[in-house]
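# Reading the structure
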Amino acid sequence: MLATSNLVVDRERLLARLNAMAQIGATAKGGVHRLALSDTDAEARTLLAGWAADAGYPVTVDAIGNMFATRPGRRAAGAPPLMLGSHLDSQPYAGRFDGPVGVLTALEVMQALDDRGIETRVPLQLVNWTNEEGARFRPPLIGSAVFAGTRSLAEALAAVDDGGVTIGSELDRLGYRGAVPPGWPLSGYIEIHIEQGTVLERAGAPIGIVTGVVGIRDIRVRVVGEDTHAGPLDMSLRRDALVGAAEMIIAANRIGLANSPEARVTVGRISVPSNSHSVVPGLAEFVLDIRHPTETGLDRLEAELRRRFADIAELRRLDVAFEPMWAYPAVHFDERINHAVQRAADRLGYATRELPSRAGHDAWNVSRVAPATMIFIPCRDGISHNEAEFAAFEDIAASADVMLGAVVAVAT
C-alpha cells in the first residue's frame, strides 16, 4: 500500500471549482437556488461534465439522470467501481456547500491520483445524483433510490413538482434522460458532506467518520374540523382545524425535546386549503418528520405523537388521520472503509470524531447494495439549507485529502 502522509489534493484547483460552481444559481446572500432539473441545475451539470471530459473521464447518464464520470482501473473492464460523489441540486435559497462539496472533492481525488500516476485496481466513478434534496420533486433521494432498486424507475419518472411537471419531462427537456439502465455492482461508495450539525465544530475535529444514518419517517397529518365564517359563530362553538394543528405542532416539539438527545421531531410543511382571513379553517394538513437512531425509538416516538394528537383532536372536537409518506430505516456504514478513512486521517494528522448522520443522504440508499460510508466536515453553527451555510475551505480540503488516502488504501 502506498504511503499517504504526503498525498494531498490540489487546493488551488479544488477552490476554483467550488467557487465556479457556486456562481450557478447564486443568491444575493451568498447561497444558491438550484432546484433539481431546473435550468440552473442543468447548467451545473454541464459545467461538471466539461471538467470531467477535460480530465479524460468519460461521462454517462442513466435513465433517471444520474451522472457518472469514470476513471479506469487496472482490472479488466467491468470490474465493480469504487464510487465517489454526492449531488448538485439545492434546497430553495440554500447554501452552496450542501452537495457540491462531495461532487467536486470526488473529481479532485481522481485527478490527484492522475497527477501522481497512481493506478487503482478497480475503476473510480464520480456520481452526481438526481434530486437528492426532494425540494422540487418528492420524495428526496430519488436518483440513488432508483440506482439501488428501492424505488422503481417508472415511479421516479412520474414524480411531479407543485406545478404538475414530471421528472421524466424535465429530463427530456434538459437532455438528461440517459439510455443507461440504472444500477450496477459497486466495490464501495464514499460521500463527503457537510455535517449540518455542531458535533464536529464543538469537538474541534475537521473530519467526521460517519457510522450510519438514523431512521427517518415522514407522516402526513390531516386535521379535520368544520369551515365557518370568522364572524357570526361564537368562538366556543368552533371546530377550528388550524388551532388543533397548532396545538399538535407545539406538542410535537415538546415530545421531541423530552426525548433528546437522540430524537428529532419537526414540522416544516403545513397547508390550510381554505386560505382565507374570514374563514375558520375546517381542514389543516402538516407533515411530521421524526428521526431516531433505532427502529424501536422511532416506534416509540410515533406512538407517543399519535396518542397526543388524538387527545388534542378529541378535546377540540376534531378528527385526525395519519398517512405514512415515506420511511428510511436506520443503516450502519461499512467498518472496513471507515477504518481506511480513520487511518488516512491519522497519517495526515487530522483529528476525527465518529458520529451518526441525522439527515438523509444518498449513501443511505447505496449502503443497501454496496459497502458505503460518509466523511463529514464541520459547518459553522450547524446551519444548513440556508444561504448562511458555511464550511471552511481548509476543512473541505482536509476531507479530500482523507478520501484520497482512503481510496488509495481500499482501491490500489
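This text gives an overview of the structure that appears in the document. (Residues numbered from 1 in each chain as written. Predicted model: local features only at pLDDT ≥ 70, side-chain atom pairs only at ≥ 80, totals over all residues. Heavy atoms only, no water.)

### Topic: the overall build of the protein
Rule in force here: Strands here are runs of E lasting at least two residues and helices are runs of H or I lasting at least four, both read from the DSSP assignment and numbered beginning at the N terminus. In this description the radius of gyration comes from C-alpha coordinates, and the expected globular size is given by 2.2 Å times residues to the power 0.38. Throughout, exposure labels follow a simple rule: accessible area from a 1.4 Å probe, protein chains only, divided by the maximum for the residue type, with under 20% read as buried, over 50% as exposed, and the rest as partly exposed. Working definition of accessibility: Shrake-Rupley area with a 1.4 Å probe, residue cover restricted to the visible protein chains. Residues scored as charged are limited to Lys and Arg (positive) and Asp and Glu (negative), so that His and the chain ends carry no count. A charge is said to be at NZ when it belongs to Lys, at CZ for Arg, at CG for Asp and at CD for Glu.
Helices and strands together make up the secondary structure of the protein, namely twelve helices and 15 strands. Against the globule reference of 22 Å for 412 residues, the protein gives a C-alpha radius of gyration of 23 Å, in line with a compact fold. Taken along the three principal axes of its C-alpha coordinates, the protein extends 80 × 45 × 40 Å. Among the 412 residues that make up the protein, the fraction classed as buried is 54%. When the accessible surface of the protein is totalled, it reaches about 16,900 Å², and 52% of it is carbon and sulfur. Looking at charge distribution, the protein has the averaged site of its 40 positive side-chain charges lying 3 Å from that of its 51 negative ones.

### Some details on the nonpolar core
Here is the rule: Within this scheme, the nonpolar core is defined by two criteria: the residues are buried Ala, Val, Leu, Ile, Met, Phe, Trp, Tyr or Cys, and they are joined through side-chain atoms within 4.5 Å. Any pair of residues with heavy atoms lying within 4.5 Å of one another is described as a contacting pair.
Core analysis: the biggest nonpolar cluster contains 74 residues, and Leu48, Ile167, Ile396, Met403 and Val407 have the highest contact counts within it. Ranked by residues supplied to this core, first place goes to helix H12 (residues 393-411) with 13 residues. Once residues within four sequence positions are removed from consideration, Ile167 is found in contact with Leu37, Ile64, Phe137, Ile142, Ala156, Leu157 and Ala159. Ranked by size, the runner-up nonpolar core spans 26 residues in total, among them Ala205, Tyr328, Leu355 and Trp364.

### Quick look at a positive patch on the surface
Using the following cut-off: Two distance rules govern patches: like charges are joined within 9 Å, and nonpolar side chains (Val, Leu, Ile, Met, Phe, Trp, Tyr) within 5 Å, applied only to residues with over 30% relative accessible area and no salt bridge. A pair is scored as a salt bridge if a Lys or Arg side-chain nitrogen falls within 4 Å of a carboxyl oxygen belonging to Asp or Glu.
Taken together, the side chains of Arg74, Arg75, Arg121 and Arg336 present a region of like positive charge at the surface. Secondary-structure assignment places Arg75 in the loop between strand E2 (67-71) and strand E3 (82-87). Classification of Arg75 as partly exposed rests on a relative accessible area of 45%.

### Observations concerning helix H1 (residues 11-22)
Put simply, the test is: Every helix has an expected span of 1.5 Å times one less than the residues it contains. This arc is built from the directions going out from the helix axis to the C-beta atoms.
In this model, H1 (twelve residues) spans 16 Å end to end at C-alpha, consistent with the 16 Å of a helix rising 1.5 Å per residue. Every buried residue belonging to H1 is among Arg13, Leu14, Arg17, Leu18, Met21 and Ala22, and all of these are buried. In a view along the axis of H1, the buried residues occupy a sector of 165 degrees, so they form one face of it. Where H1 is buried, its residues meet helix H2 (39-54), helix H3 (100-115) and H12.

### Details of the sheet that holds strand E11 (residues 283-292)
Quick reminder of the rule: Two strands pair under a simple rule: DSSP has to find at least two bridges between them. To get an axis, fit a line to the C-alpha atoms, keeping to the stretch in contact for a helix; angles then go from 0 to 180 degrees between the N-to-C directions.
In spatial order, the strands read E9-E11-E7-E12; together these four strands make up an open sheet with antiparallel pairing. Strands at the two margins of the open sheet, each flanked by one partner only, are strand E9 (264-271) and strand E12 (319-328). Here the average twist between neighbouring strands, direction ignored, is 20 degrees. Relative to E11, E9 runs antiparallel, the two sharing seven bridges. Along E11, the bridge assignment pairs Arg264 with Arg291. Its contacts with the sheet put helix H8 (residues 241-258) on strand E7 (215-224), E9, E11 and E12, and the angle it makes with E11 is roughly 10 degrees. The strands that helix H9 (residues 295-315) touches are E7, E9, E11 and E12; relative to E11, the one it contacts most, it runs at about 155 degrees.

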